[in-house]
Amino acid sequence: MAYDLIVIGAGPGGYVCAIRAAQLGMKVAVVEKRKTLGGTCLNIGCIPSKALLYASEMFDEAGHGMAPLGVVVGAPKLDLAAMMKHKDDTVAANVNGVAFLFKKNKIDSVTGEGRIAAQGKVVVRGEDGDKRTLEAKAVVIATGSDVARLPGVEIDEKAVVSSTGALSLAKVPRKLIVVGAGVIGLELGSVWRRLGAEVTVVEFLDRILPGMDSEVGKQFHRTLEKQGFVFHLAHKLSKVERAGAGVKAAVEPVAGGEAKILDADVVLVAIGRRPYTESLGLEALGVATERGMIVVDAHFATNVPGLYAIGDVIRGPMLAHKAEDEGVAVAEILAGQAGHVNYDAIPNVVYTSPEIASVGKSEDDLKAAGAAYKVGRFPFTANGRARAMRRTDGFVKILADAATDRVLGVHIVGFGAGELIAEATVLMEFGGSAEDLARTCHAHPTLSEAVKEAAMAVDKRAIHV
């Protein structure tokens, strides 16, 4: 059957692209190797991890956070099987929702591994080995990313796990080693720390959350230490050996020195992700790549006519919402419209407790560029709603151009930061200034007032601090 568009990959980028294309009148097929739709994000990433993060946070709150509010309860009892069922039910609801949307929009879902045999031709090999060929005017690659591997360390998803295995542990590990102090490692480390594990984080660099604003990273480092995390920064994992039911991990300084031997029940390798492009036939087609990523132009087109790529396989942050926006943009471009993604206004969230959220440039970015900027900060300790909720950890930081006052970046550490960052993103999408935000009336008492006060602080006129 001939289609207007074939999308390879049914993750957030792929399925959103397919739906938008169908809305625009295209006949669309989506090729997905999994039996369920939604890709890594819905099946073994964003959605299940958030289900466990929320559930573990409620467990921790029941044990430690309610008595000061006058709610006296006994020691909470963990039912890990029920918690995992909550995670699985959440995943099922989301992937079934995507299947419903495909049916609603008359999108054909083809299960199997797709390979681009020629321009406009995709060969799909099913589990049984049978092959079928699909043809289309355009093909979009949206195959996402896979776990980055650590040389010499075998992941068995039992004692040495990736993020996938860390979402389905049969019991709470007594000791957990997390290799990598990025978003995934700190989120999953937080889940198991709250449920009772002793968590040690090994990070190759000399700071946590590389790439995020360094002031945010420093404060959050201190916060995690108060929560019981132990960090070995500027260290690397050099060897892992099974030892009975657990493991022994050799950890040594990056600059050289004596290795430490750490005992653990589980080691989580969370050193990042890499574009997943295997088996697509890119080399035979002559598709240009760079450092494993597919090279595309401003319209997401590769150097092969009719072939496009979005999401984790191209440049930019590996974020589900970035892939979604690219999916919408490329569908609109194929329909003759002006699809576009503003890469300066893509938020990033770390769903720990407290949350971290950012959009735009960090202070480190601006210093490195020699830019003239102003800073406004406001702590949640000075926010009335945060005090009432006992959620006073963190702050809001706004960076604005020194000459024009245009907001260049916003960084939030605090309860609900992932929701609060949205108004900053909207402001930046429309080229707003700190003054625009400061002059906007915010409801009282709300956590969002901290964002307004930080904007006022850019001009040194915050009221409540």
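Residues numbered from 1 in each chain as written. Predicted model: local features only at pLDDT ≥ 70, side-chain atom pairs only at ≥ 80, totals over all residues. Heavy atoms only, no water.

**Details of the sheet that holds strand β12 (residues 235-243)**
Consideration 1: Taking strand neighbours across the sheet as the criterion, the 3 strands line up as β12-β13-β14 in an open arrangement whose pairing is antiparallel. Each edge of the open sheet is held by one strand with a lone partner, namely β12 and β14 (260-264). The average undirected angle you get between the axes of adjacent strands in this sheet is 25°.
Consideration 2: In this sheet, β14 lies alongside strand β13 (residues 246-253) in antiparallel orientation, the contact comprising 5 bridges. Following the sheet pairing, Ala249 is matched in β14 by Leu262. (Pairing = 2+ DSSP bridges. Helix = DSSP H or I, 4+ residues; strand = E, 2+ residues; numbered from the N terminus. Axes fitted to C-alpha atoms, helices over the stretch in contact; angles between N-to-C directions.)

**Regarding a nonpolar patch on the surface**
Consideration 1: On the surface, a nonpolar cluster with roughly 240 Å² of combined accessible area is contributed by Leu69, Val71 and Val73.
Consideration 2: Residue placement: Val73 occurs in the loop between α3 (46-64) and α4 (80-104).
Consideration 3: With a relative accessible area of 45%, Val73 lands in the partly exposed category. (Patch = residues over 30% accessible without salt bridge, like charges linked within 9 Å, V, L, I, M, F, W, Y side chains within 5 Å. Areas by Shrake-Rupley, 256 points an atom, 1.4 Å probe, with all protein chains shown as cover. Salt bridge = Lys/Arg side-chain N within 4 Å of Asp/Glu carboxyl O. Buried < 20%, exposed > 50% of the residue type's maximum accessible area, 1.4 Å probe, protein only.)

**Some words on helix α9 (residues 320-334)**
Consideration 1: An ideal rise of 1.5 Å per residue puts 21 Å on 15 residues; α9 measures up with 21 Å between its terminal C-alpha atoms.
Consideration 2: The set of residues buried in α9 consists of Lys322, Ala323, Glu326, Gly327, Ala329, Val330, Ala331, Glu332 and Ile333.
Consideration 3: Of the surrounding elements, those touching the buried residues of α9 are α1 (12-23), β6 (131-141) and β19 (307-309).
Consideration 4: A positive phi of about 85° marks Gly336, the residue just after α9. (Expected span 1.5 Å × (residues − 1). Contact = heavy atoms within 4.5 Å.)

**Let's talk about the pattern of salt bridges**
Consideration 1: Under the criterion given, the structure shown has 26 salt bridges.
Consideration 2: In this structure, Glu61 engages Arg391 in a salt bridge whose closest nitrogen and oxygen atoms are separated by 3.6 Å. With Glu61 in helix α3 and Arg391 in the loop between α11 (384-389) and β23 (395-401), this pair connects stretches of sequence that are 330 residues apart.
Consideration 3: One salt bridge in this structure joins Lys239 and Glu241, with 3.0 Å as the shortest N-O distance.
Consideration 4: Given a relative accessible area of 46%, Lys239 falls into the partly exposed group.
Consideration 5: On the basis of relative accessible area, Glu241 is assigned to the partly exposed category, the value being 41%.
Consideration 6: Each of Asp213, Glu215, Glu363, Arg377 and Lys397 takes part in salt bridges that share partners, so that together they form one network.

**Digging into the sheet that holds strand β20 (residues 348-350)**
Consideration 1: The 5 strands lie next to each other as β20-β21-β24-β23-β22, forming an open sheet whose pairing is antiparallel. Every interior strand has two partners, whereas the edge strands, β20 and β22 (373-379), have only one. Pairs of neighbouring strands in the sheet enclose a mean axial angle of 10°, with direction left out of account.
Consideration 2: Relative to strand β21 (residues 355-360), β20 runs antiparallel, the two being bridged by 3 bridges. Its bridge partner lying in β21, Val349 is registered against Ala357.
Consideration 3: The strands touched by helix α7 (residues 214-226) within the sheet are β21, β22, β23 and β24 (407-414), with β23 carrying the most contacts at an inclination of about 170°.
Consideration 4: Where helix α12 (residues 417-429) meets the sheet, it contacts β20, β21 and β24, and its direction lies at approximately 10° from that of β21.

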